[in-house]
Amino acid sequence: MLEASTESYDRGFKWRCYQSLPGLRTVLFVAQDRIWVEVYRRRSGREWTYDSHSRLDEVLELSDPPCKLSVAEIYECVVDQIGGQGGV
């Protein structure tokens, strides 16, 4: 069973804290109730870019740390609980 959401806290207070860390380059927000992964990447200073992924066949390419991660891997253990293919 999925736990209660902390989304508003994560996107509010925690996100402001993350942005204040100068060495932090990448932040992922992973939804627990649907297939939805948001990727924020710091370009320079205070500027962030945004990408979202809502299909299991999508692959996230991260540069810091360098790795490739599929959305299917992120949701591997819970995909049946949140409805299969997901999407928005």
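Calculation notes
- Residues numbered from 1 in each chain as written.
- Predicted model: local features only at pLDDT ≥ 70, side-chain atom pairs only at ≥ 80, totals over all residues.
- Heavy atoms only, no water.
- Bend = angle between axes of the 7 residues up to and from the residue.
- Helix = DSSP H or I, 4+ residues; strand = E, 2+ residues; numbered from the N terminus.
- Contact = heavy atoms within 4.5 Å.
- Salt bridge = Lys/Arg side-chain N within 4 Å of Asp/Glu carboxyl O.
- Buried < 20%, exposed > 50% of the residue type's maximum accessible area, 1.4 Å probe, protein only.

Peer 1: Explain helix H1 (residues 7–19) to me, using residue names and the numbers behind them.
Peer 2: Approximately 30° is the largest bend angle found in H1, and it occurs at Phe 13. Elements that come into contact with the buried residues of H1 comprise strand S1 (26–30), strand S2 (37–44) and strand S3 (47–53).

Peer 1: So, the pattern of salt bridges: which residues are in play, and what are the values?
Peer 2: Throughout the structure, instances matching the rule amount to seven salt bridges. Across the salt bridge formed by Arg 11 and Glu 7, the nearest N and O atoms sit 3.0 Å from each other. With a gap of four residues between them, Arg 11 and Glu 7 both fall in helix H1, about one helical turn apart. Overall, Glu 7 belongs to the partly exposed group, its relative accessible area being 36%. Residue Asp 51 pairs with Arg 41 through a salt bridge whose shortest N-O separation is 2.8 Å. Of the two residues, Asp 51 is situated in strand S3 and Arg 41 in strand S2; the sequence distance between them amounts to ten residues. Taking relative accessible area as the criterion, Asp 51 reaches 35% and is therefore assigned partly exposed. Among the charged side chains, a network of salt bridges with common partners joins Glu 7, Arg 11 and Glu 38.

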